[in-house]
Amino acid sequence: NAGVMQNPRHLVRRRGQEARLRCSPMKGHSHVYWYRQLPEEGLKFMVYLQKENIIDESGMPKERFSAEFPKEGPSILRIQQVVRGDSAAYFCASSPLGESYNEQFFGPGTRLTVL
Amino acid sequence: GENVEQHPSTLSVQEGDSAVIKCTYSDSASNYFPWYKQELGKGPQLIIDIRSNVGEKKDQRIAVTLNKTAKHFSLHITETQPEDSAVYFCAASKLGKLIFGTGTRLQVFP
């Protein structure tokens, strides 16, 4: 059973470009979470999605950031008009349940560098 | 909202010694407390977790304790080995999202 997959592993963008980060959850998992980790810091929750639904986006910046988890295909975290402050590691996690006792399994992350 | 504090930020131990990392949380409604190990350049790896209806859980050299009244939970690693060296994060959860502590960098010297 493959783990959580994220691509690309590394992404370089210039200021003002768009970044698209993809996450394929573990087989059988229908809940996806995105977290951001700045260098030498902990992980910060961004958004929690179920298939075709956003459950909790309280950690997502109001502008430029969006996320989706379509019925078919991976979850996508999209950052428009990137700025240098968006440089970070973005991790996706998945879980099989939506209840509060879920175990979340993380992917290897996408390291975004904004030049 | 929930806030999780973690101490110490760095911890150095000799191989074979024990290591203890402590966390406190603020929201009494949190009911799930996982611990993650993160190695350089990798994603966090779930190593152990505890639910609010349990006071202690053990898995080989790793144990976690939870004091709901004081809102404290701790990670205990016994007989440490060099491969235990990593950054460890505690987290608290209710309704799905994880709120992480700031991490503890553990170094185990041979």
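Asker: Describe the state of the cysteines, and please don't skip the residues or the numbers.
Answerer: All chains considered together, the criterion is met by two disulfides over all chains. What pairs with A:Cys23 in a disulfide is A:Cys92, and their sulfur atoms sit 1.7 Å apart. Across the S-S bond of A:Cys23 and A:Cys92 the torsion is about -45°, and the bridge reads as left-handed. Within this pair, whereas A:Cys23 is found in strand β3 (residues 19-24), its partner A:Cys92 is found in strand β9 (residues 88-95), the two being separated by 69 residues in sequence. As far as burial versus exposure is concerned, A:Cys23 and A:Cys92 are alike and both buried. Each sulfur in the disulfide pair B:Cys23 and B:Cys90 lies 1.9 Å from the other.

Asker: Help me get a handle on the interface of chain A and chain B, residues and values and all.
Answerer: On the chain B side, the residues contacting the 23 residues of chain A number 23 residues. Our enumeration of links across chain A and chain B arrives at one salt bridge. Across the salt bridge formed by B:Lys97 and A:Asp56, the nearest N and O atoms sit 3.8 Å from each other. Across the chain A-chain B interface, the total number found is six residue pairs in polar contact (both at pLDDT 80 or more). If you list the elements that add at least two residues to the side of chain A that touches chain B, you get β4 (31-37), β5 (43-50) and β10 (105-106) of chain A. Here the side of chain A that touches chain B is composed, by residue class, of ten nonpolar, seven polar and six charged.

Conventions and cut-offs
- Residues numbered from 1 in each chain as written.
- Chains lettered and ligands numbered in written order.
- Predicted model: local features only at pLDDT ≥ 70, side-chain atom pairs only at ≥ 80, totals over all residues.
- Heavy atoms only, no water.
- Disulfide = S-S within 2.5 Å.
- Helix = DSSP H or I, 4+ residues; strand = E, 2+ residues; numbered from the N terminus.
- Buried < 20%, exposed > 50% of the residue type's maximum accessible area, 1.4 Å probe, protein only.
- Contact = heavy atoms within 4.5 Å.
- Salt bridge = Lys/Arg side-chain N within 4 Å of Asp/Glu carboxyl O.
- Polar contact = N/O pair within 3.5 Å; in protein donor to acceptor, adjacent residues only side chain to side chain.
- Nonpolar A, V, L, I, M, F, W, Y, C, P; charged D, E, K, R; others polar.

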